Amino acid sequence: MSGQTLISLVGSYDNLHELTPSWNQKVTILSVVIAFMALSWLCALPRLYVRLFVTHSPGWDDLFLTLYLLSTTLGSILLCLLTDWGLGKHWLTLSIPTMKGYLLRFWIANASYCMSTTLIKISLLFQYLRVFDKGLLRNVCISSIVLVSLWGAAYSVMAWTPCIPIHGFWDFFDADVTCYGYGARTADQFTATYESHTAFNMVFDALVFCIPVPLYFQANASSRTKKGLLVVFAMGLLVISISAVRLKTIIDHRSTTYPTFDPSWYSPISMVLAAMEVDIASICASVPVFWPLLRLYSANIFVTEEVEIRHETRPGYSVELDCRAKAASTTSKPSLVEEEDSGQQRQRSPQGSEIFFFEGSKTADVEPKTSNTTKHYEDEYVKKQVNPFITKKGSVDSWSIVEAQASSTTTSKKKGLQTFFLP
């Protein structure tokens, strides 16, 4: 195939009898591309919201992520439009106007992909700079940004200007043009361009996702940090695997030139994998940013603690005082207990300093408002038993209840009572 032109390879082998792969079907292409593009946006928008309106700390990584969203959306739209211009069908079955329309849209889609792969890697590397403020890893990040930027700029220029003038890329019968790289007329140069870009892309993916590995082995890394890193590594491994499979498909058919030049028939699988690859990389870059906020909001929806209330006699506790308090509670008005419609009850201590919610019987023992029966609330042991959510200080995996100040009056109905949780 050395020295052969692409036009001479058209029809050099009869592949019209080949079965249509599932990747070549329009419904497969549209469903996969649209689904992953939507998932990428659903993860990127909360990330940008957190950075802009919650933490008020936008950075270069957010700028490159925004540029990536614009680039990958353009490429995904063009990839979907290509299904109406012959993508998934044999090249020889297309008319000349359809061939030109196909190449015009493929030119934009391919150039957008080259930009997207570069922008998402740079965004991840700038995100690492927020963590590594000094040392070897910061220098590695800066060096990687330079290398990825040079690589991406070179291939993006070749993708956007494959021919001079540019219309020569889709007007392939015009001999008065100069083409190179992605628009090369010879099979060797054409194949080398696609294969080299895909190979470098896979290497840079591995480099970017391996940079945070030392964080996992730090002695002071918490279990939650290690679990989060494992998730990032798993998604990174998925991205690298997709890049490897895509490289294999390109090598198998020598960039759609073997056994015959049939770009519309052999390219769908590599194009769909390209869209999946960059979208998953963007999800990996976005989830760590908005996940803490999502956990905070989800804590108000799902039950996170189970409380067991026990009664026991401890040394130093006055049984006589306890009996006197129970006897007094039977004659006092139970103004401190308010029964709710849902079957839950609210109990407030006589000092009005704590509010609890619990499920149980319709009645509860309430201490009367006497100085003698409230002294035991001042005991440190009792305080810890009254609030079962108190945990060891400094525990990052525990949840604590913010104590709300109760009203000094006990006759009013409950209005807008809330329980707040902090991670």
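Keep in mind that what you see is a predicted model, and the values were worked out from it rather than measured.

### Looking at the pattern of salt bridges
Line of reasoning, step 1. Under the counting rule described, the total for this entry stands at ten salt bridges.
Line of reasoning, step 2. D62 is the salt-bridge partner of R51, the closest N and O atoms lying 3.0 Å from each other. Of the two residues, R51 is situated in helix α2 (residues 26-54) and D62 in helix α3 (residues 60-81); the sequence distance between them amounts to eleven residues. Summarising the burial analysis for this pair, R51 and D62 share the class buried.
Line of reasoning, step 3. Between D62 and R130 there is a salt bridge, and its shortest N-O distance comes to 3.5 Å. With D62 in helix α3 and R130 in the loop between α4 (96-129) and α5 (136-160), this residue pair connects regions lying 68 residues apart in the sequence.
Line of reasoning, step 4. In this structure D62 comes out as buried when scored by relative accessible area, which is 5%.
Line of reasoning, step 5. On the basis of relative accessible area, R130 is assigned to the partly exposed category, the value being 37%.
Line of reasoning, step 6. One salt-bridge network, in which partners are shared between bridges, spans R47, R51, D61, D62 and R130.

### Re the UniProt feature "transmembrane region" (unreviewed entry) in the chain
Line of reasoning, step 1. UniProt's entry tags residues 29-50, 62-87, 107-129, 136-160, 199-217, 229-251 and 271-294 with the feature "transmembrane region" (unreviewed entry), counted in the numbering of this structure.
Line of reasoning, step 2. With 100% helix and 0% strand, residues 29-50 has end C-alpha atoms that lie 32 Å from one another.
Line of reasoning, step 3. Between the C-alpha atoms that bound residues 199-217 there is a distance of 29 Å. The span itself is 84% helix and 0% strand.

### Remarks on the state of the cysteines
Line of reasoning, step 1. Enumeration according to the criterion identifies one disulfide in this entry.
Line of reasoning, step 2. Two residues share a disulfide in this structure: C163 and C179, whose sulfurs sit 2.1 Å from each other. Here the S-S torsion is close to 110°, and the disulfide linking C163 with C179 is therefore right-handed. Residue C163 is located in strand β1 (residues 163-164), and its partner C179 is located in strand β2 (residues 178-179); the two are separated by 16 residues in the primary sequence. C179 matches C163 in its accessibility class, with the two residues each being buried.

### Brief notes about the side chain of H90
Line of reasoning, step 1. Among the secondary structure elements, H90 is positioned in the loop between α3 and α4.
Line of reasoning, step 2. Polar contacts involving the side chain of H90 include one to the side chain of D262, which spans 2.9 Å.
Line of reasoning, step 3. Filtering out sequence-adjacent residues up to four positions away, H90 remains in contact with N15, L16, D262, S264 and W265.

Cut-offs and rules
Residues numbered from 1 in each chain as written. Predicted model: local features only at pLDDT ≥ 70, side-chain atom pairs only at ≥ 80, totals over all residues. Heavy atoms only, no water. Salt bridge = Lys/Arg side-chain N within 4 Å of Asp/Glu carboxyl O. Helix = DSSP H or I, 4+ residues; strand = E, 2+ residues; numbered from the N terminus. Buried < 20%, exposed > 50% of the residue type's maximum accessible area, 1.4 Å probe, protein only. UniProt positions renumbered as here; feature names shortened; annotations may be inferred. Disulfide = S-S within 2.5 Å. Polar contact = N/O pair within 3.5 Å; in protein donor to acceptor, adjacent residues only side chain to side chain. Contact = heavy atoms within 4.5 Å.

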